[in-house]
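Each chain, letter by letter, is given below.
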Amino acid sequence: METDKKKWKVLNSEYLIKEPWCTVRKDWVKLPSGTEIPSYYILEYPMWANILGITKDKQFVFVKQYRHGLGATTYELPAGVCDDTDASFMDAAKRELLEETGYGNGNWSLLTTISANPGTHTNMCYCYLATDIEKVSEPHLENTEDLDVELLSLDQVKQILLNDEIKQALHVAPIWKYMAINKLM
């Protein structure tokens, strides 16, 4: 088995914060060159899933919600954490879409898998394309969620992309990939 010659050696590791939504670890690492970094901070998160959902009549399902870090309400894809109870990342995506928007069914495929920041984050985000979805129920929001579901046309999606109205990079990337693959921009 081949080893990664560029992998850093962890000399010491300690948790500074261990909360459900924020786990911070401080590692003391040694690089292959011999250089040591005594305080390298890692953010541990569960895996995430987001969904680029398109209805049978070609409407894109977005949510708008306030994000306290930016102090702004922005467009986002339906998304959330992959729970231990989810059988797969796709099952997590299907659950999140249904919970946040009430949409489901359709045809599902993995569009891309990305990292928010591979230098400091431990998780990946699984981005799914769900086509021919339909409204099957009302949303079932958690008490910490306050979002509005919006159906947008392709032209509206293009416009919010060009106007930088989607601030979450993990949501912008799969939308641009979808647009590029389908030569829509």
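See the structure shown above.
Residues numbered from 1 in each chain as written. Predicted model: local features only at pLDDT ≥ 70, side-chain atom pairs only at ≥ 80, totals over all residues. Heavy atoms only, no water.

1. Re the nonpolar core
Burial of nonpolar side chains together is a common tendency in soluble globular proteins. Stated formally: Put simply, a nonpolar core is a bunch of buried Ala, Val, Leu, Ile, Met, Phe, Trp, Tyr and Cys residues held in one set by side-chain atoms that sit within 4.5 Å of each other. Only protein chains enter the accessibility calculation, which uses a 1.4 Å probe; a residue is then buried when its area is under 20% of its type maximum, exposed when over 50%, and partly exposed in between. Only DSSP runs of H or I covering at least 4 residues are called helices, and only runs of E covering at least 2 are called strands; the numbering of each starts at the N terminus. Any pair of residues with heavy atoms lying within 4.5 Å of one another is described as a contacting pair.
Among the nonpolar cores identified, the biggest contains 17 residues, and Leu52, Phe62, Val157, Ile166, Ile175 and Tyr178 are the most heavily contacted of them. Elements represented by at least two residues in this core include exactly strand E4 (48–55), strand E5 (60–67), helix H2 (154–162) and helix H3 (169–181). For this core, the leading source of residues is H3, giving 4 residues. Those residues within four positions of phenylalanine 62 in sequence are excluded, and the remaining contacts are Tyr75, Glu76, Leu77, Asp148, Val149, Glu150, Leu152, Val157, Ile160, Ile166 and Ile175. Counting 13 residues, the second largest nonpolar core, distinct from the first, contains Ile51, Leu97, Ala130 and Ile133.

2. Points about a nonpolar patch on the surface
To be explicit about the condition: To count toward a patch, a residue needs a relative accessible area above 30% and no salt bridge. Like charges then connect within 9 Å, nonpolar side chains (Val, Leu, Ile, Met, Phe, Trp, Tyr) within 5 Å. For accessible areas, the Shrake-Rupley method is used with a probe of radius 1.4 Å. Any residue's cover is judged against the shown protein chains and nothing else. Basic side-chain nitrogens of Lys or Arg form a salt bridge, by our definition, when they fall within 4 Å of a carboxyl oxygen of Asp or Glu.
Together, Leu16, Ile17 and Tyr41 line one region of the surface with nonpolar side chains, adding up to about 270 Å² of accessible area. As for its placement among the helices and strands, isoleucine 17 is situated in strand E1 (residues 9–19). Taking relative accessible area as the criterion, isoleucine 17 reaches 38% and is therefore assigned partly exposed.

3. Details of the packing of aromatic side chains
The criterion, for reference: Two aromatic rings from Phe, Tyr or Trp, using only the six-membered ring of Trp, form a pair when their centres are within 6.5 Å; if the ring planes differ by under 30 degrees the pair is stacked, by over 60 it is edge-to-face, and anything between is tilted. Geometrically, a charge over a ring is one whose NZ (Lys) or CZ (Arg) sits within 6 Å of the ring centre while staying within 35 degrees of the ring normal.
For the structure on display, the rule yields 6 aromatic pairs. Between tryptophan 8 and tyrosine 40, the aromatic rings sit 5.1 Å apart at their centres with planes inclined by 90°, giving edge-to-face as the arrangement. You can see tryptophan 8 sitting in the segment before E1 and its partner tyrosine 40 sitting in strand E3 (residues 36–44), a full 32 residues away along the chain. The lysine or arginine in question, lysine 18, covers the ring of tyrosine 15, its NZ or CZ lying 4.2 Å from the ring centre. For lysine 64, the ring lying beneath its charged end belongs to tyrosine 75, and the centroid distance is 4.6 Å.

4. Things to note about the environment of serine 39
Within the secondary structure layout, serine 39 lies in strand E3. Given a relative accessible area of 33%, serine 39 falls into the partly exposed group. Linking serine 39 and glutamine 159, residues 120 residues apart in sequence, is a C-alpha distance of 42 Å. If we ignore the near neighbours within four places in the chain, the residues touching serine 39 are Lys26 and Asp27.

5. With respect to the pairing of E5
Definition in use: Note on pairing: two strands pair once DSSP finds at least 2 bridges between them.
With 2 bridges connecting them, E4 and E5 associate as antiparallel partners. Across the sheet, glycine 53 pairs through a bridge with valine 61, a residue of E5. Taking the residues between adjacent antiparallel strands as the criterion, E4 and E5 are bridged by 4 residues, where lysine 58 takes a positive phi near 65°. Relative to strand E11 (residues 147–152), E5 is paired through 6 bridges, and the arrangement is antiparallel. Pairing of glutamine 65 across the sheet is with leucine 147, part of E11. Here E5 pairs with strand E6 (residues 72–76) via 5 bridges, running antiparallel. The residue bridging tyrosine 66 from the neighbouring strand is threonine 73, located in E6. The turn joining E5 and E6, which pair antiparallel and follow one another in sequence, is formed by 4 residues; a positive phi near 65° is taken by glycine 71.

6. Comments concerning the packing of H2 against H3
For the record, the criterion: Lines fitted to C-alpha atoms define the axes, with helix axes restricted to the stretch in contact, and inter-axis angles between N-to-C directions lie between 0 and 180 degrees. The labels follow the angle: roughly parallel below 35 degrees, roughly antiparallel above 145, roughly perpendicular from 65 to 115, and oblique for the rest. A clockwise turn of the near helix away from the far one marks a right-handed crossing, whereas an anticlockwise turn of less than a right angle marks a left-handed crossing. Residues are grouped as follows: Ala, Val, Leu, Ile, Met, Phe, Trp, Tyr, Cys and Pro are nonpolar; Asp, Glu, Lys and Arg are charged; every other residue, Gly included, is polar.
It is the contact of H2 with H3, at a shortest axis distance of 12 Å, that shows an interaxial angle of 125°. When the axis of H2 is compared with that of H3, the two are oblique. You can see that H2 and H3 cross each other, and the crossing is left-handed. Across from Leu154, Val157, Lys158, Leu161 and Leu162 in H2, the residues of H3 making contact are Val172, Ile175, Trp176 and Met179. Each residue belonging to the contact of H2 with H3 can be placed in one class, and the counts come to 8 nonpolar, no polar and 1 charged.

7. Remarks on the side chain of aspartate 86
Residue placement: aspartate 86 occurs in the loop between strand E7 (79–81) and helix H1 (89–101). The exposure class assigned to aspartate 86 is buried, which follows from its relative accessible area of 15%. Beyond its immediate stretch of four places on either side in the chain, aspartate 86 contacts Val81, Asp91, Ala92 and Arg95.

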